[in-house]
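# Close look at the chain arrangement
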Amino acid sequence: MVIEMGEVEITTGSGVQPTDLAWRVFAELLVDWLLSAPDEGYVIMDLAWPDDPLAGTAPYAQLAIHGHRVRSEAVSNHFLDPLFWLDAGRIAELDRLGWRAPTATMRQGSTNFHRNDRLPEDAGPLARRLVATLRNVYGVPEPCFLEVCGFDGDDAWSEAELLLGMHVVRPRHTK
């Protein structure tokens, strides 16, 4: 590891930046989790934000798992706080990553960027898409800045059920 004063440069012995390594590890954990995901449930990964009030939300991505189908969504400007609004360049990046554009109403599809995938075959591409979205589009510096919650019709999931290397929080809708 090399650390220089002034401009800080940190590398591991292999020359891989720790931030790159953290995202790579997160992607691998996410693939593993998706390959053994419960048959039904929901997962929300969002940028941890202090209790300061926001007019909208901080960046997040969410999954809805139903059997071998998984619906993934990336938050749009419809819900984002103006502090995090996506500009044309970041919206173009979401399109390049394969997200479908938000619709005007939920009846028409989703007011978030969205797509439908299948498990297990799409686990790797889905994990890479989520990492690129959280990191490159929303600007989350490292996975440690994310919180995750998961739940099904019965209960919130524990850290043992969400082995993603993130801080697990209770869903906001549960007691």
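One can find the structure itself at the top, above this paragraph.
Cut-offs and rules
Residues numbered from 1 in each chain as written. Predicted model: local features only at pLDDT ≥ 70, side-chain atom pairs only at ≥ 80, totals over all residues. Heavy atoms only, no water. Axes fitted to C-alpha atoms, helices over the stretch in contact; angles between N-to-C directions. Helix = DSSP H or I, 4+ residues; strand = E, 2+ residues; numbered from the N terminus. Parallel < 35°, antiparallel > 145°, perpendicular 65-115°, else oblique. Left-handed = near helix turned anticlockwise from the far one by under 90°. Contact = heavy atoms within 4.5 Å. Nonpolar A, V, L, I, M, F, W, Y, C, P; charged D, E, K, R; others polar. Expected span 1.5 Å × (residues − 1). Buried < 20%, exposed > 50% of the residue type's maximum accessible area, 1.4 Å probe, protein only. Arc of directions from axis to C-beta. Salt bridge = Lys/Arg side-chain N within 4 Å of Asp/Glu carboxyl O. Pairing = 2+ DSSP bridges. Phe/Tyr/Trp six-rings, centres within 6.5 Å; stacked < 30°, edge-to-face > 60°.

So, about the packing of helix α1 (residues 18-35) against helix α3 (residues 123-137). To characterise two packed helices, one gives the angle between the axes of the helices and the distance between these axes. Where α1 meets α3, the axes come as close as 9 Å, and the angle between the chain directions of the two elements is 140°. When the axes of α1 and α3 are compared, the pair comes out oblique. Here α1 and α3 pass one another in a crossing that is right-handed. On α3, the residues that touch Thr19, Asp20, Trp23, Phe26, Ala27, Leu30, Val31, Leu34 and Leu35 of α1 are Ala123, Gly124, Leu126, Ala127, Leu130, Val131, Leu134 and Arg135. Grouping the constituent residues of the contact of α1 with α3 by class yields 13 nonpolar, 2 polar and 2 charged.

Compared with an ideal rise of 1.5 Å per residue, which puts 18 residues at 26 Å, α1 spans 26 Å between its outermost C-alpha atoms and is within 8% of the ideal. Listed as buried for α1 are Trp23, Phe26, Ala27, Leu30, Trp33 and Leu34. Relative to the axis of α1, the buried residues are bounded by an arc of 130° and lie together on one face. Check the buried side of α1 and you find it contacts β1 (40-47), β2 (60-66), α3 and β5 (146-151).

The tally for this structure, following the rule as stated, stands at 7 salt bridges. Here Arg71 makes a salt bridge to Glu73, at a shortest N to O gap of 3.6 Å. A salt bridge links Arg96 to Glu93; the nearest nitrogen and oxygen atoms lie 2.7 Å apart. Pair noted here: Arg96 and Glu93 are both in helix α2 (residues 88-96), with a separation of 3 residues, about one helical turn.

This part takes up the pairing of strand β3 (residues 69-74). Where β2 meets β3, 6 bridges bridge the pair, whose relative direction is antiparallel. In the strand pairing of β3, Ile65 is matched with Val70. Adjacent in sequence and paired antiparallel, β2 and β3 are bridged by 2 residues, among which Gly67 carries a positive phi angle near 65°. Across 6 bridges, the pairing between β3 and strand β4 (residues 113-118) is antiparallel. Residue pairing across strands places Arg69 opposite Arg118, the latter belonging to β4.

Turning our attention to the packing of aromatic side chains. This model, assessed by the stated rule, comprises 4 aromatic pairs. Seen in terms of ring centroids, Trp23 and Phe26 are 5.9 Å apart; in terms of plane orientation they differ by 75°. Their pairing is edge-to-face. You can see Trp23 and its partner Phe26 sitting in helix α1, 3 residues apart, about one turn around the helix. Where Trp33 meets Trp157, the ring centres are 6.1 Å apart and the plane angle is 50°; that geometry is what we call tilted. With Trp33 in helix α1 and Trp157 in the loop between β5 and β6 (167-168), this residue pair connects regions lying 124 residues apart in the sequence. Judged by relative accessible area, Trp33 falls into the buried class, the value being 7%.

All we've got here are geometric facts, nothing functional implied.
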